[in-house]
Amino acid sequence: MDLRGYFNRIGFTGQYDKPDLDTLRTIHKLHVMTIPFENLSIHCGEKNTTDLHIIYDKLIKSNRGGWCCENNLLFSWVLKEMGYKYTTLGSKVFNKFQNDFHNVDSHLINLVDIDGKPYITDVSYGVSCQLWYPLEMVSGKDQPQPPGVFRLLNDGMRWVLEKTSRKPVVKDKAYANSSLLDHRLTKKMYCFPLTPRNKEHFVETLDCLQTSPDSRFVLKSICSLQTPTGFRALIGWTYSEITYNPEEDSDFVDMKEIPDCEIEAVLREKFNVVLVNKFTPKNNKANYCM
């Protein structure tokens, strides 16, 4: 594992011997603009792992993306190598259908301490809720970023991350009622305590997420990548390009269906992803929105 290999992958050419906030913001944004959030391995007969060497080979040497325990575990290694003081945390994702948080930690994030001030870094939530930059750990403070306004809330026991979005404006009205669209303007994303977690804490849950027939990651194939103007996503056969339009308090959504014969080309041209094993797209009913 080579830090320079990671920097080459994300296109970082700056100084990395000073673990400050500006550098953290830069590598955070470059990571989400370069390395997709994706679960394609599940739909290629492959197994996701918490082994950092395997994750490094996949995301860096093979130009793939990954889900949170791959992207954020890799990012924790980067933080360590760069000299940042960090703590890995576990979070419970909000289920809008149950109107509550899941009862297990299924999402891994990192807390970074810089000059005594804590920040949350999360380079792998994907789609419209992807953080472009670290968040200050200040309860109730609106923190605007291109995807929307993020906000951390603390009730004394745990922290909750929520986001205020903009109204989606769909180009093709045939997709106006797509289940992939999230029309909630303010949504809870996940909650977490400040209890340190190691990667073993997530193993059982991650095995379930990639094998259970009820898992959203088994039911849907997902690949998303942030762009300078928004993000793009391929979920099953549905390809979407979202352009942020904060001046009009809206997001422009262009959706279309991709035939099987063009799926590989879309992954290659739009996400720089080339799969080795046979990929079977999935878009079955599940609790998942962009």
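Our subject is the structure that appears above.
Residues numbered from 1 in each chain as written. Predicted model: local features only at pLDDT ≥ 70, side-chain atom pairs only at ≥ 80, totals over all residues. Heavy atoms only, no water.

Visitor: Looking at this structure, how should I read the nonpolar core?
Guide: Most often, soluble globular proteins keep nonpolar side chains buried together rather than apart. Counting 54 residues, the largest nonpolar core has Tyr6, Leu24, Ile27, Trp67, Leu74 and Met290 as the members making the most contacts within it. Counting residues per element, this core draws most heavily on helix α4 (residues 68-82), which supplies nine residues. Here Ile27 is in contact with Tyr6, Phe7, Ile10, Phe12, Phe75, Val78 and Met82, once residues within four sequence places are set aside. In terms of nonpolar packing, the next biggest core, distinct from the first, is built from 17 residues, Ile109, Cys129, Trp159 and Met189 among them. (Core = buried A, V, L, I, M, F, W, Y, C linked by side-chain atoms within 4.5 Å. Buried < 20%, exposed > 50% of the residue type's maximum accessible area, 1.4 Å probe, protein only. Helix = DSSP H or I, 4+ residues; strand = E, 2+ residues; numbered from the N terminus. Contact = heavy atoms within 4.5 Å.)

Visitor: Just to check I follow, could you spell out the packing of helix α1 (residues 3-10) against helix α3 (residues 52-61) for this structure?
Guide: The packing of two helices is summarised by the inter-axis angle and the distance between the axes. Viewed as axis vectors pointing N to C, α1 and α3 meet at an angle of 35 degrees, and their least axial separation amounts to 10 Å. Handedness of the crossing formed by α1 with α3: left-handed. Contacts between α1 and α3 involve Gly5, Tyr6 and Arg9 from the first element and Tyr56, Leu59 and Ile60 from the second. Broken down by class, the residue content of the contact of α1 with α3 amounts to four nonpolar, one polar and one charged. (Axes fitted to C-alpha atoms, helices over the stretch in contact; angles between N-to-C directions. Left-handed = near helix turned anticlockwise from the far one by under 90°. Nonpolar A, V, L, I, M, F, W, Y, C, P; charged D, E, K, R; others polar.)

Visitor: Please explain the pattern of salt bridges as it appears in this structure.
Guide: What the rule picks out here adds up to 17 salt bridges. Among the salt bridges present, the one from Lys61 reaches Asp57, with a minimum N-O distance of 3.6 Å. Note that Lys61 and Asp57 are positioned in helix α3 at a spacing of four residues, about one turn of the helix. Exposure remark for Asp57: the relative accessible area of 33% places this residue in the partly exposed category. With a closest N to O distance of 3.9 Å, Asp254 and Lys171 form a salt bridge. With Asp254 in strand β15 (residues 250-257) and Lys171 in the loop between β10 (167-170) and β11 (186-192), this residue pair connects regions lying 83 residues apart in the sequence. Judged by its relative accessible area of 54%, Lys171 falls in the exposed class. (Salt bridge = Lys/Arg side-chain N within 4 Å of Asp/Glu carboxyl O.)

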